[in-house]
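Listed below, chain by chain, are the residues.
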Amino acid sequence: MRYEGSVYRPPSEAYSLIVQVTIGCAHNSCTFCSMFKDKKFRVRDVKEVFEDLDMARKYYKRVERAFLADGDALALSTDKLEMILDYAKKLFPECERVNVYGSPQDVLRKTPEELRLLKSKGVEIIYIGAESGSDKVLKDVCKGASRDEIIEAVRKIEDSGIKSSVTFISGLGGKAGWRDHGFSTGTMISQMSPSYASLLTLMTDPAAPLHGDIESGKFELLSAEEVVEETMLLLSNVDVGRNCVFRSNHASNYISLKGELPEDKGRMLKQLENAMNNPARLKDERFRKL
């Protein structure tokens, strides 16, 4: 396989074949993100992707899952995605699914028919970064999509039969905006009703534009206890009409939460309350990672 630069994938794709169909991220303006700042976005030639798949077939005896990278593979035209998916299925008949990252903008550009076609070709999950339910926070971090647009994109994914896995970032509103961020994110999850919702906790490295604001004091990070309080506010305002798998077990998180909403909401809130009363249960800063 030929990879350009650092390659990122969701935790659930740890055992998937990673194939770069784009290089970098088409948006690449989010202030909290440094993942693709060293790359100029481009779409790879389909022939290059085919060559990588051919290499993988020679190297791996069995590929049950594949993931199309980089930041927003869904930016490809549906025709190109269809060709790649068909070729992957031809080479790897044992492959059960081929999942992708997609920005809200990517999803909204696809028609319902195009999304259903991708579903029929093996796409099971589209991973989408919502980050926050607050329009103010989304604007501050230069997300490039509004609350309503993100909700529309997730509903569109779910309506097509594809599952959405939506990521949010605890602490992204800082000390000044944590209540708005927590409350609005909870109500956003309620309105979009994704198949999966997950929480990371804000961490940055020097390549992220927001890092400078943190260093200068312009943006104030939440303490571990404040992140827990924000998460309690978020969960308290989630009211989904169907099952949603909820996770807050990333290396960046202070406390690990696993459950299904609405069934496990009470248990997870109790877990957060216990952590508030016993701060020693929260992960030490030394063990948090991006």
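Before any of the text, the structure's been laid out above.
Here the structure is a predicted model, which means the values were calculated and not measured.

(A) Expanded view of the pattern of salt bridges. Counting across every chain of the model gives 21 salt bridges. Here arginine 62 makes a salt bridge to glutamate 64, at a shortest N to O gap of 2.7 Å. Glutamate 64 sits in the partly exposed class, given a relative accessible area of 35%. A salt bridge links arginine 97 to glutamate 124, with the shortest nitrogen-to-oxygen separation between them at 3.6 Å. Highlighted residues: arginine 97 in strand β5 (residues 97-101) and glutamate 124 in the loop between α4 (112-120) and β6 (125-131), separated in sequence by 27 residues. Residue arginine 97 is classed as buried on the basis of its relative accessible area of 8%. Taken together, the shared-partner salt bridges in this structure form one network comprising Arg2, Arg44, Glu48, Glu51 and Asp52.

(B) Quick look at the side chain of serine 198. Checked against the element boundaries, serine 198 lands in strand β8 (residues 196-201). Those residues in contact with serine 198 that lie beyond four places of it in its chain are Val166, Thr167, Phe168 and Arg247.

(C) Representation of helix α7 (residues 174-192) within the structure. At aspartate 180, α7 shows its strongest bend, of approximately 30°. Two residues or fewer past α7, serine 193 is found with a positive phi of approximately 50°.

(D) Looking closely at unusual backbone geometry. Backbone torsion omega between alanine 69 and aspartate 70 reads 10°, so that peptide bond is classified as cis. Note on placement: aspartate 70 falls in the loop between β4 (65-69) and α2 (78-91). One non-glycine residue, glutamate 131, adopts positive backbone phi at about 75°.

(E) Region of the structure containing the packing of aromatic side chains. Per the stated rule, a full pass over the model turns up six aromatic pairs. Ring plane angle 80° and centroid distance 5.6 Å describe the contact between tyrosine 8 and phenylalanine 36, whose orientation is recorded as edge-to-face. Within this pair, whereas tyrosine 8 is found in the segment before β1 (17-20), its partner phenylalanine 36 is found in the loop between β2 (22-23) and β3 (42-43), the two being separated by 28 residues in sequence. In this structure phenylalanine 36 comes out as buried when scored by relative accessible area, which is 3%. Taken together, a centroid distance of 6.2 Å and an interplanar angle of 75° make the contact between tyrosine 101 and tyrosine 127 edge-to-face. Here tyrosine 127 lies in strand β6 and tyrosine 101 lies in strand β5, a separation of 26 residues in the sequence. Chaining the aromatic ring pairs together yields one cluster made of Phe67, Tyr101 and Tyr127. The ring of tyrosine 254 has arginine 288 sitting right over it, with the charged end atom 4.2 Å from the ring centre.

(F) Expanded view of the environment of serine 29. Secondary-structure assignment places serine 29 in the loop between β2 and β3. Judged by its relative accessible area of 37%, serine 29 is partly exposed. Separated by 233 residues in sequence, serine 29 and proline 262 place their C-alpha atoms 34 Å apart. Apart from the residues within four sequence positions on either side, serine 29 is in contact with Lys37, Val141 and Cys142.

(G) Fine view of the sheet that holds β6. Overall, mixed pairing links the eight strands, which are arranged β1-β4-β5-β6-β7-β8-β9-β10 in an open sheet. With partners counted over all chains shown, the strands left at the sheet margins are β1 and β10 (257-261), one partner each. Averaged over all pairs of adjacent strands, the angle between their axes in this sheet comes to 20°, without regard to strand direction. As paired elements, β6 and strand β7 (residues 163-170) share six bridges and run parallel to each other. Residue pairing for β7: isoleucine 126 is matched across the bridge by serine 164. The sheet contacts of helix α6 (residues 147-159) involve β6 and β7, and relative to β7 the element is tilted by about 150°.

(H) Layout of the pairing of strand β9 (residues 244-248). With four of its five residues buried, β9 lies for the most part within the structure. The pairing of β8 with β9 spans three bridges and is classified as parallel. Bridge assignment links tyrosine 196 to a residue of β9, and that residue is valine 245. Of the strand pairs in this sheet, β9 and β10 are connected by five bridges, and their pairing is antiparallel. For valine 245, the partnering residue across the bridge sits in β10 and is glutamate 260.

About the criteria used
- Starting from 1, residues in each chain are numbered consecutively following that chain's sequence as written.
- Under the rules for a predicted model, residues below a pLDDT of 70 receive no local features and side-chain atom pairs below 80 are neither given nor counted, while totals for whole chains, interfaces and linings still include all residues.
- Remark: hydrogens and water are excluded; side-chain values derive from all non-hydrogen atoms of the structure.
- We define a salt bridge as a side-chain nitrogen of Lys or Arg found within 4 Å of a carboxyl oxygen belonging to Asp or Glu.
- Exposure classes here rest on a 1.4 Å probe applied to the protein chains alone. A residue is buried below 20% of its type maximum, exposed above 50%, and partly exposed in between.
- For the purposes of this entry, the term helix denotes a DSSP run of H or I that reaches at least four residues, the term strand denotes a run of E that reaches at least two, and both are numbered from the N terminus.
- Between two residues, a contact is recorded if the distance between any of their heavy atoms is within 4.5 Å.
- Bend, at a single residue, is the angle you get between axes fitted to the 7 residues ending at that residue and the 7 residues starting at it.
- Only Phe, Tyr and Trp rings are paired, with Trp represented by its six-membered ring, and only when their centres lie within 6.5 Å; those with planes under 30 degrees apart are stacked, over 60 edge-to-face, the remainder tilted.
- A ring is considered to have a charge above it if a Lys NZ or an Arg CZ atom is located within 6 Å of its centre and within 35 degrees of its normal.
- Two strands make a pair as long as DSSP finds a minimum of two bridges between them.
- For every element, the axis is a line fit to its C-alpha atoms; helices are fit only across the contacting stretch, and the angle between N-to-C directions ranges from 0 to 180 degrees.

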